[in-house]
Amino acid sequence: MTEKLYDGQAELTEARVRVIEQGKDDRGQYVVLDRTNFYPEGGGQPADTGTIGEVAVTDVQTVDGEIRHYVTAEVAEEALAAIDWARRRDHMQQHAGQHLLSAVLEDGFGAKTVSFHLGEARASIDLDVAKISEATLLAAEQKANDLIRQALPITIEWVKEEEAAIRNLRKAPQVTGDIRLVTIEGVDVNPCGGTHPSTTAGIGVLKIVGTESAKGGTRLYFLCGERAERQFELLQQVSSELTRLLNAPVPQLAEAAATLLEDKTETAKEMVQLRKIMLELEASSFQSDGPFVFKQFSERPFKEVQQLAKLAAARMPGNYLLFLTTENGRVRFAVGKGTEAAGDMRKVLNALLEATNGKGGGSAEFAQGAGEMVDVEAFFKEAEEIFRKTAEQV
Ligand SMILES: [Zn+2]
């Protein structure tokens, strides 16, 4: 049986240990120690990582009642076990922060915690209330930080099951036999096997960063300690950059961004109007000696070419139009006719699609397609014949 040093000494970073068993399971190569400062994953707290001697410990799990330290190589029989303290301290901050926040939310605001998740980037608790107001969140956060500043002792005690049953615990113990109770003085008594700082001051600071609906209740995300500091640094950087870009102080950033977006929408509307006017002007400039208006456009969106063909057809009642763009041996074309011109543009389209091995669709007045093409001049010549034949068929 491994002595759990982390139980009573949560801030013990290094310990001399002896290997009492080596083995291999589905997770990989592992060692069991006579005593350990490595916390095995459990109770919502992730496992510690670190080193035993020179060898890296990548995971720690409780399997069949023994604490297995998963290692990347063979470990000497006696060695110094060192945990990644930054990682552990982070876990302790989030974990103890959760005890505190859950207690504050339940006792002060009637929102009970039903589960806790400690993620890589942020921690979350699920609350049994469907909605929680911004004012409540702010008040709970302020209360939690007030309790953090008071540096309230966080103590550990082991009690018998019968003793635990008569204590006013935050939640029912999930183990039987001896129960480990974690008490935040005057705030909370909780059965818990995790690691915690010795006072609430060790949590550093607590910041609620968002909520969302989850499983009929509310999921609340929060950051403690250095995670909260990193978040503040990030927000500081971003707001400084935005202040510079929008030329507005932080409290007016949202307003400045909203104004900018309004301007953008207005400009986009104007652009559409201007483009329409320009296309109409261009369409009115087309002239023709005979019945055919054939044009090739380069470096223009086909959608615009189509619009142009429609506008031109409306202004040229007796004409036939074929507007096209070419790119990489492909042709995209629109065919149309004026209101007084005879013929079905679908027939013209079909013949052109056949000639180009292409695909397309449209109406009797206007159609478009795309296919393969090499020579524009030859294509126009062929199209002229097709237009004539179709017109004669009427
Ligand atoms: Zn705990």
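Residues numbered from 1 in each chain as written. Predicted model: local features only at pLDDT ≥ 70, side-chain atom pairs only at ≥ 80, totals over all residues. Heavy atoms only, no water.

1. So, the overall build of the protein chain
Using the following cut-off: Each helix is a run of DSSP H or I of at least 4 residues and each strand a run of E of at least 2, with the numbering of both proceeding from the N terminus. Atoms considered for the radius of gyration are the C-alpha atoms alone. The globule rule reads 2.2 Å times the number of residues to the power 0.38. For every residue, the accessible area (1.4 Å probe, protein chains only) is compared with the maximum for its type, and the residue is labelled buried under 20%, exposed over 50%, or partly exposed between those bounds. Contact criterion: two residues are considered in contact whenever any of their non-hydrogen atoms come within 4.5 Å of each other. Reported accessibility uses the Shrake-Rupley method at a 1.4 Å probe radius. Residues are deemed covered only where the shown protein chains occlude them. Only four residue types enter the charge count: Lys and Arg as positive, Asp and Glu as negative, with His and the chain ends excluded. All charge positions are set by atom: Lys at NZ, Arg at CZ, Asp at CG, Glu at CD.
Along the protein chain, the regular secondary structure elements total nine helices and 20 strands. Here the protein chain has a C-alpha radius of gyration of 37 Å; the compact-globule value for 394 residues is 21 Å, and the former is much larger. Each principal axis of the C-alpha atoms in the protein chain carries an extent, and together these give about 105 × 50 × 40 Å. Expressed as a percentage of the 394 residues in the protein chain, the buried residues total 44%. Sequence-distant contacts in the protein chain: of pairs separated by 6 or more residues, those separated by 24 or more amount to 58%. Accessible surface for the protein chain amounts to roughly 21700 Å². Of this, 50% is attributable to carbon and sulfur atoms. If you average the places of the 44 positive and of the 61 negative side-chain charges in the protein chain, the two averages end up 5 Å apart.

2. A short note on the domain arrangement of the protein chain
The following threshold applies: Where each domain starts and ends follows an automatic or database-derived domain assignment. Each of two parts loses accessible area, computed with a 1.4 Å probe, when they are put together; buried area is these two losses added. What counts as a salt bridge is simple: a side-chain nitrogen of Lys or Arg found within 4 Å of a carboxyl oxygen of Asp or Glu.
Partitioning the protein chain into structural domains gives domain 1 (3–83), domain 2 (88–233), domain 3 (248–282) and domain 4 (286–392). On a C-alpha basis, the centroid separation for the pair domain 3 and domain 4 is 35 Å. Facing the four residues of domain 3 at the interface are eight residues of domain 4. Contact with domain 4 buries surface across domain 3, with Leu279, Glu280 and Glu282 losing the most and accounting together for 89% of the total. The tally of links from domain 3 across to domain 4 stands at two salt bridges.

3. Section: unusual backbone geometry
Even without a glycine there, the phi angle at aspartate 64 is positive, about 50 degrees. Owing to a relative accessible area of 73%, aspartate 64 belongs among the exposed residues under this scheme. In the Ramachandran plot, lysine 215 falls in the positive-phi region, its phi being about 50 degrees despite a non-glycine side chain. Locating lysine 215 in the fold gives a position in the loop between strand E14 (206–214) and strand E15 (217–224).

4. Considerations on the nonpolar core
Filter applied, for reference: Among buried residues, the Ala, Val, Leu, Ile, Met, Phe, Trp, Tyr and Cys ones that are joined through side-chain atoms within 4.5 Å form a nonpolar core.
Counting 31 residues, the largest nonpolar core has Leu105, Leu220 and Phe222 as its most contacted members. Looking at which element gives the most residues to this core, the answer is helix H2 (residues 85–109), with six residues.

5. Some thoughts on the coordination of the zinc ion
Which entries qualify depends on this criterion: Here a donor is any nitrogen, oxygen or sulfur atom (N, O, S) within 2.8 Å of the metal, with 3.2 Å used for Na, K and Ca; water is not among the atoms considered, so some sites may look incomplete. Here the metal geometry follows the donor angles, with tetrahedral for four donors whose angles all fall between 85 and 135 degrees, square planar for four and octahedral for six when opposite donors are more than 155 degrees apart and every other angle is between 65 and 115, and irregular for all the rest.
For the zinc ion, the protein coordination sphere consists of His95 (NE2), His99 (NE2), Cys192 (SG) and His196 (NE2), at 1.9 to 2.2 Å. In this structure, the zinc ion is surrounded by four donor atoms whose angles at the metal cover 100 to 122 degrees, and the resulting shape is tetrahedral. We note that the donor set of the zinc ion lies within a single chain, spaced as H-x3-H-x92-C-x3-H. For the pair cysteine 192 and histidine 196, one class covers both residues: buried.

6. So, the environment of histidine 69
Defined as follows: Identification of polar contacts relies on pairs of N or O atoms within 3.5 Å, with a donor-acceptor requirement for protein atoms, meaning one able to donate a hydrogen and the other able to accept it, and with residues adjacent in sequence counted only if both atoms are side-chain atoms.
Secondary-structure assignment places histidine 69 in strand E7 (residues 66–71). Not counting residues within four places of it along the chain, the set of residues in contact with histidine 69 comprises Gln29, Tyr30, Val31, Leu33, Thr36, Phe38, Ile52, Val57, Asp59 and Val60. There is a polar contact of 2.7 Å between the side chain of histidine 69 and the side chain of threonine 36.

7. Brief notes about the pattern of salt bridges
Counted under the stated rule, the structure contains 24 salt bridges. The partner of arginine 300 in a salt bridge is glutamate 304, and the shortest N-O contact between them spans 2.7 Å. Accessibility expressed as a relative area gives 21% for arginine 300, which makes it partly exposed. Residues participating in the shared-partner salt-bridge network are Glu106, Asp107, Lys112, Arg170 and Asp188.

8. A short note on the pairing of strand E3 (residues 28–33)
Defined as follows: In this scheme, strands are said to pair when DSSP sees at least two bridges between them.
Within E3, five of the six residues are buried, which leaves it mostly tucked inside the rest of the structure. Bridging between strand E2 (residues 14–25) and E3 involves six bridges; their strand directions are antiparallel. For glutamine 22, the partnering residue across the bridge sits in E3 and is valine 31. Connecting the antiparallel pair E2 and E3 is a turn made up of two residues.

9. Observations concerning the sheet that holds E2
Short version of the rule: Axes, fitted as lines to C-alpha atoms, cover a helix only where it is in contact. Angles between the N-to-C directions of the axes lie from 0 to 180 degrees.
If you walk around this closed barrel you meet the six strands as E2-E3-E7-E6-E5-E8, and the pairing is antiparallel. Ignoring which end each strand starts from, the neighbouring axes of this sheet average 50 degrees apart. Looking at chain direction, strand E6 (residues 55–63) and E7 are connected through six bridges and run antiparallel. For valine 57, the partnering residue across the bridge sits in E7 and is valine 71.

10. Points about the packing of aromatic side chains
Condition: Here the aromatic set is Phe, Tyr and Trp, taking the six-membered ring for Trp, and pairing holds for ring centres within 6.5 Å; pairs whose planes are under 30 degrees apart are stacked, those over 60 apart are edge-to-face, and all others are tilted. The criterion for a charge sitting over a ring is simple: Lys NZ or Arg CZ within 6 Å of the ring centre, and within 35 degrees of the ring normal.
Here the structure, examined in full by the defined rule, presents eleven aromatic pairs. Ring centres of phenylalanine 286 and phenylalanine 323 lie 5.5 Å apart, and the angle between their planes is 80 degrees; this geometry places the pair in the edge-to-face category. Of the two residues, phenylalanine 286 sits in the loop between helix H6 (253–284) and strand E16 (292–297) while phenylalanine 323 sits in strand E17 (residues 320–327), which places them 37 residues apart along the sequence. A residue is classified by how much of its surface remains accessible, and phenylalanine 286, at 11% relative accessible area, is buried. Centroid distance phenylalanine 333 to phenylalanine 379: 5.7 Å. Interplanar angle 55 degrees. Geometry classified as tilted. Here phenylalanine 333 is found in strand E18 (residues 330–337), whereas its partner phenylalanine 379 is found in helix H9 (residues 376–393), with 46 residues between them in sequence. What makes phenylalanine 379 buried here is its relative accessible area of 3%. Taken together, the aromatic side chains of Phe292, Phe294, Tyr320, Phe380 and Phe387 make up a single cluster linked through ring pairs. When the ring centre of phenylalanine 366 is taken as origin, the NZ or CZ atom of lysine 310, which lies over that ring, is 4.9 Å away.

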